[in-house]
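Structural overview
One-letter residues, chain by chain:
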Amino acid sequence: MANKNRILSVNDLHVEVEGKEIVKGVSLQINSGEKHAIMGKNGSGKSSLAYALSGHPNYKITSGTVEMGGQDLLEMDATERSLAGLFLGFQYPMTIPGVTVVNFLRAALRARNGNGIDMKNFRKVFKEKMKLLKIDNSFATRYINDGFSGGEKKRLEILQMVMLQPKVAILDETDSGLDIDALKIVANGIVDSAPKDGGVILVTHYQRLLDYIKPDKVHIMLDGRIVKTGGPELALELEAEGYNKLEAKESQKVGV
Amino acid sequence: MSTLTLANKNKRFRGQNQFEPEALYSLRKESWNCFNDLDMPHRANHLWRYTDPKVLLANNPSELMKITPSLPDQTEYNLISLDEAFSGYGYNRSDYMTFAKLTPALEKSGVIFKDLLSATRENEDIVGKYLGNLIGSDFGKFEAMNLALWNTGLFLYVPDNINIELPIRLQRHPSGPNTFHRLLVVVGNNSKVTLIDDYSGECRKEEAQINSVVEIFAGDSSSVKYLNTQRYSSKCNSYITQRTRINKDAKSVSVFAGLGGNVSKTNAGTVLDGPGANSQLYGIVFGDDNQHFDYHIVHHHTSSNSYSNIDFKTVLKDNANSASTGLIRVEEDALNCEAFQVNRNLLLNEGAKAESIPELEILCDQVQCSHGATISPIDKEMLFYLMSRGVAYKDAVNIITLGFIEPTIKNFPGELETLTRELITGKMEG
Ligand SMILES: Nc1ncnc2c1ncn2[C@@H]1O[C@H](COP(=O)(O)OP(=O)(O)OP(=O)(O)O)[C@@H](O)[C@H]1O
Ligand SMILES: [Mg+2]
């Protein structure tokens, strides 16, 4: 029987990109209210995992299962996954020329058919959330990410998350590119707005973000696999020791 | 190829009719001879590389010469009521009769707006000086044919120092299988006018041809906005030639919205003929089904210190195809000019095809010039980004498409911005 508390269940997921296996059997169980951190070397497949979970058509799932709140995510396209409550904060957010932030968010909320923020209150809520994340009002009428600085893009990702109120948010390196003050603002935004019974996956390279958002679990990914899972202390360990020790152990296991 | 042309060679022009003054008749006759003397444009000629001229040539020109405009019916004229959003309204009926009406206040101020036939009779001093001056029979075979055969025409004259606040609206419909429209606009010094030149309607016969010529003369420090919308039904083939000539410190804004028709070829542009002249040219084409669009856009700098900019966007869907050629020509003695052009094409599916060729003829060496062209399918990563926020695939495509044209369309004068947006949204949903 499935765990009632389980909000996201990933089982032995394999993902291929352009014919090459990048994610090589990842399992991840998240219970409601939990925050998990995924750390790992560059190129280890963290973003690929995030894309695959979100339904990016280039990231082909060759085997494994993913369930969110009892629903089979793999049956759904990216739109449906979002409507079911999944959110991806992009490591590299896209620029969409000619489409203003406010119009886009309105369209995204409208697609939810009243699920989430009441359209009548849209303006009010939107303004509040911008204020919360210290985003200047002028950003509302700018084109999505057009000419935004790295940190501004990341803040816009969080603004979208806050507005869309997902059940499960995967935040891919939302902390990189943020200055020290912005990191605090964004982290507080995440803590405040993450639904109490939902789940958050923080993909990050640094302890900094985890100082503000204490993870329930930390996973370390190497070469397409989660090679170690532990508590918050694992991140600190990693910060102190780097990946060398883990890598050595892994190569012994695989016998390379 | 030219059995028709050959058969018509040596065909004599018809006799003068009761309405046309001698000057008009001889201009028509002379143009008819030019038309016959000119060869059919060759497909190797760059202007005709993308569109087969035969599709646009009336197949019975000598029959067509018998169709001549008649003077507008006074009873109908009296019944025209002007929408208060406009300063004037002009249109042609399916029987080639053409009407034009202004607000009484403007009429008193000396502005003249009437059908072109009446103008050739009543305002010969102005018409004689300008008609065919920018686009005459030496311009090309199709233009010569128009000058010989125009069967519905409009004339607008704005004296010096008149600011016409509200736009003048022209509604041009096909009249029978072959319509030859002609518009002549003369704007005085320090005057201001906005024209909405709206081509629409059903073509009754398969592959009906429409040939339209628009000549606009703008005086010193004047400001002319010319807004051309083409939204014919799917059977119309049209060929539109348009030129605006602006003098010292005059400003021209031209907008082209190409949405309708079957085969549509447009040759449009501005001649910058005085220092301080400034021309902005915007275009949006949205093609679907099997539509074919061919826009040739020209900025011709004949004077020093003149400034021009072209911003042209094309969106194609289904099996639609389009060619855009943007020509910037700067004459040898036109120094210190600035001329920019950008042409971007968005293809919504695989069957759609676009070509984009910027052309530069820069004869002087003191000039600031830039051009850019792109042709690309809809960006998959953008699509995924929008979909990951819960927007459905089709809506995401629409959002990206509207975003693509947004930076251009927002420069459209308000009157046209709303209309174009509505038409494009309609086409996207269709
Ligand atoms: N679309 C793609 N085409 C080709 N290779 C890809 C693609 N996406 C990912 N890869 C490859 O898959 C591997 C994993 O990339 P991924 O972006 O998932 O790593 P990551 O763990 O997020 O790294 P980082 O910490 O640098 O963000 C890399 O070697 C990358 O080059
Ligand atoms: Mg990554």
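This write-up is about the structure you can find in this document. (Residues numbered from 1 in each chain as written. Chains lettered and ligands numbered in written order. Predicted model: local features only at pLDDT ≥ 70, side-chain atom pairs only at ≥ 80, totals over all residues. Heavy atoms only, no water.)

1. Looking at the state of the cysteines
Residue and element names in this part refer to chain B. If you walk through the whole model with that rule in mind, you get one disulfide over all chains. Put simply, C203 and C236 are joined by a disulfide, and their sulfur atoms are 1.8 Å apart. Residues C203 and C236 are joined by a disulfide whose S-S torsion is about 115°; by sign, that bridge is right-handed. Pair noted here: C203 is in the loop between strand 7 (192-201) and strand 8 (208-218) and C236 is in strand 10 (residues 236-246), with a separation of 33 residues, a long-range link. Each of the two residues, C203 as well as C236, counts as buried. C337 takes part in no disulfide bond, and the closest cysteine sulfur, belonging to C364, lies 6.2 Å away. A relative accessible area of 6% means that C364 is categorised as buried. (Disulfide = S-S within 2.5 Å. Helix = DSSP H or I, 4+ residues; strand = E, 2+ residues; numbered from the N terminus. Buried < 20%, exposed > 50% of the residue type's maximum accessible area, 1.4 Å probe, protein only.)

2. What to know about the interface of chain A and chain B
Often the size quoted for an interface is simply the accessible area lost on bringing the parts together. Counting from both sides, the interface comprises 33 residues of chain A and, opposite them, 20 residues of chain B. A buried area of about 2,000 Å², summed over both sides, lies between chain A and chain B, and 69% of it is on carbon and sulfur atoms. Viewed at the interface, chain B and chain A are joined by one salt bridge. Residue E157 of chain A is joined to R389 of chain B by a salt bridge in which the shortest nitrogen-to-oxygen separation is 2.7 Å. At the surface where chain A touches chain B, the tally comes to eleven residue pairs in polar contact (both at pLDDT 80 or more). Of all the elements in the fold, those that place two or more residues in the side of chain A that touches chain B are helix 1 (46-54), helix 2 (78-83), strand 6 (86-89), strand 7 (96-100), helix 3 (101-110), strand 8 (143-144) and helix 5 (150-164) of chain A. Split by residue class, the side of chain A that touches chain B holds 20 nonpolar, ten polar and three charged. (Contact = heavy atoms within 4.5 Å. Buried area = accessible area lost by both parts, 1.4 Å probe. Salt bridge = Lys/Arg side-chain N within 4 Å of Asp/Glu carboxyl O. Polar contact = N/O pair within 3.5 Å; in protein donor to acceptor, adjacent residues only side chain to side chain. Nonpolar A, V, L, I, M, F, W, Y, C, P; charged D, E, K, R; others polar.)

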